[in-house]
Amino acid sequence: MNLDLERLPRHVAIIMDGNGRWARQRVRNRVFGHRKGVETVRTIMTCCTDVGIPFLTLYAFSEENWNRPGKEVKALWQLLERYLASELPELIKNRVRLRHIGDDKNIPPHILTRLLAVENETAHLDALTLCLALNYGGRQEIARAARLFAADVKNDVCSADQLTAERFSRYLYSSDTPDPDLVIRTGGEIRVSNFLLWQIAYAELYFTEVFWPDFGKVHFLEALAEFQKRERRFGRTGEQVKKGGRPAHGGPSAADVSLTGSGSR
Ligand code: FPP
């Protein structure tokens, strides 16, 4: 497989789907699938550090996931708890900084404490930022950003007519992270399920039938190869893209464009 290491996505975001069906195929319970899914998290994290992708965001628990059976919800948080308890040496070895986005309110307090501790202990690491979306919802994130902006207007920090898309994005959880260039969804469904709704405005979307526990290095590299076949226009014509240069409006910020070298994409 031919991959151009100069044209990799800077930020890959993944909807990890298919754990339950993977387990059912093996006549096991759903938690067995989630457990195997954690192994895939490790594999894909290593792929990112190997090829040099600096940002990876994983949809680990959506706000809607609270609607699952209580036992499964409990097991998912336990898996995260175990991951946080055991993973620190591996994160440090691979120079991975752990972050999370989402509403902290309903995260079990002892898990949140451990999560913040691991984030703190890995804050200086620079090969990869691994961001877990936990108790996350895209619409909820946008509504929260609007509330924060409204509070700034009320407190005379800025006025309502100063609001631009660029300014609004500073109120999102991910304000210091470039927008995803590539979104991968495993498990065969073709939808975005309230994931990073604002941030994926210009992302390439990649859907695969492969269940998350089966998604391995080869599948990930296939997704990257497909990404490199896509022409990223950001509203321009194909001819303009071939000539190079950056879009005057829309698309990623100027900083993103120069960093991703997207003139040739
Ligand atoms: C969707 O599969 C998967 C989830 C809702 C949870 C994903 C979580 C993990 C892989 C564990 C993450 C843990 C860490 C430590 C990051 P599904 O259950 O909806 O599968 P189905 O569509 O086949 O039923």
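Structure: above.
Residues numbered from 1 in each chain as written. Predicted model: local features only at pLDDT ≥ 70, side-chain atom pairs only at ≥ 80, totals over all residues. Heavy atoms only, no water.

Caption draft 1: Focus on the overall build of the protein chain. On a plain count of helices and strands, the protein chain comes out with 10 helices and six strands. The C-alpha atoms of the protein chain give a radius of gyration of 19 Å, which matches the 18 Å a tight globule of 265 residues would have. Its C-alpha atoms give the protein chain principal-axis dimensions of roughly 55 × 55 × 35 Å. For the protein chain, buried positions account for 48% of its 265 residues. Of the roughly 13,500 Å² of accessible surface on the protein chain, 51% is carried by carbon and sulfur atoms. (Helix = DSSP H or I, 4+ residues; strand = E, 2+ residues; numbered from the N terminus. Rg over C-alpha atoms; globule rule 2.2 N^0.38 Å. Buried < 20%, exposed > 50% of the residue type's maximum accessible area, 1.4 Å probe, protein only. Areas by Shrake-Rupley, 256 points an atom, 1.4 Å probe, with all protein chains shown as cover.)

Caption draft 2: Region of the structure containing the environment of Phe227. Relative to the elements of secondary structure, Phe227 occurs in helix H8 (residues 217–229). Under the relative-accessibility criterion, Phe227 is labelled buried at 1%. Phe227 sits 62 residues away from Ala165 along the chain, and the two C-alpha atoms are 26 Å apart.

Caption draft 3: Examining the environment of Ile44 more closely. Mapped onto the fold, Ile44 is located in helix H2 (residues 30–51). Distance from Ile44 to Gly216, taken between C-alpha atoms, is 7.1 Å for residues 172 residues apart in sequence. When residues no more than four places from it in sequence are discounted, the contact partners of Ile44 are Ile14, Leu56, Trp212, Phe215, Gly216 and Phe220. (Contact = heavy atoms within 4.5 Å.)

Caption draft 4: Focus on helix H3 (residues 70–86). Here H3 spans 24 Å end to end across 17 residues, near enough to the 24 Å set by a 1.5 Å rise per residue. Residues of H3 that are buried include every one of Glu72, Val73, Ala75, Leu76, Trp77, Leu79, Leu80, Tyr83 and Leu84, and no others. For H3, the secondary structure elements touched by its buried residues are H2, strand E2 (55–62), helix H4 (88–93), strand E3 (96–101), helix H5 (109–122) and strand E4 (128–136). (Expected span 1.5 Å × (residues − 1).)

Caption draft 5: Representation of the pairing of E3 in the model. Here E3 lies mainly inside the structure; five of its six residues are buried. Across six bridges, the pairing between E3 and E4 is parallel. Within the sheet, the bridge partner assigned to Arg97 lies in E4 and is Thr129. (Pairing = 2+ DSSP bridges.)

Caption draft 6: The arrangement of the site of the ligand in detail. In the vicinity of the ligand, 17 residues are found, and the nearest of them are Asp17, Gly20, Arg21, Arg30 and Arg68. Note that an oxygen atom of the ligand is positioned 3.0 Å from one of the backbone N or O atoms of Gly20. Here an oxygen atom of the ligand and a side-chain polar atom of Arg30 are 2.7 Å apart. Considering the ligand on its own, with 630 Å² of exposed area, one finds that the protein chains cover 92% of that surface. Within the residue set of the shell around the ligand, elements represented by two or more residues are helix H1 (19–25), H2 and H3. Considering every element that reaches the shell around the ligand, the biggest residue donor is H2, with four residues. Looking at the shell around the ligand, its residues break down into seven nonpolar, six polar and four charged. (Near = heavy atom within 4 Å. Polar contact = N/O pair within 3.5 Å; in protein donor to acceptor, adjacent residues only side chain to side chain. Nonpolar A, V, L, I, M, F, W, Y, C, P; charged D, E, K, R; others polar.)

Caption draft 7: Layout of the pattern of salt bridges. For the coordinates displayed, the defined rule picks out 17 salt bridges. Ionic pairing is found between Glu72 and Arg68, a salt bridge with its closest N-O pair at 2.7 Å. Overall, Arg68 belongs to the partly exposed group, its relative accessible area being 30%. Between Glu189 and Arg191 there is a salt bridge, and its shortest N-O distance comes to 3.6 Å. By relative accessible area, Glu189 is classed as partly exposed at 26%. Given the relative accessible area of 44%, Arg191 is considered partly exposed. One connected set of salt bridges, linked through shared partners, spans Asp17, Arg21, Arg185, Glu189 and Arg191. (Salt bridge = Lys/Arg side-chain N within 4 Å of Asp/Glu carboxyl O.)

Caption draft 8: How the structure looks around unusual backbone geometry. Residue Val27 is not a glycine yet carries a positive backbone phi of 55°. Residue position: Val27 is located in the loop between H1 and H2. Unlike most non-glycine residues, Asn194 shows phi in positive territory, near 65°. Inspection of the secondary structure puts Asn194 in the loop between strand E5 (182–185) and strand E6 (204–207).

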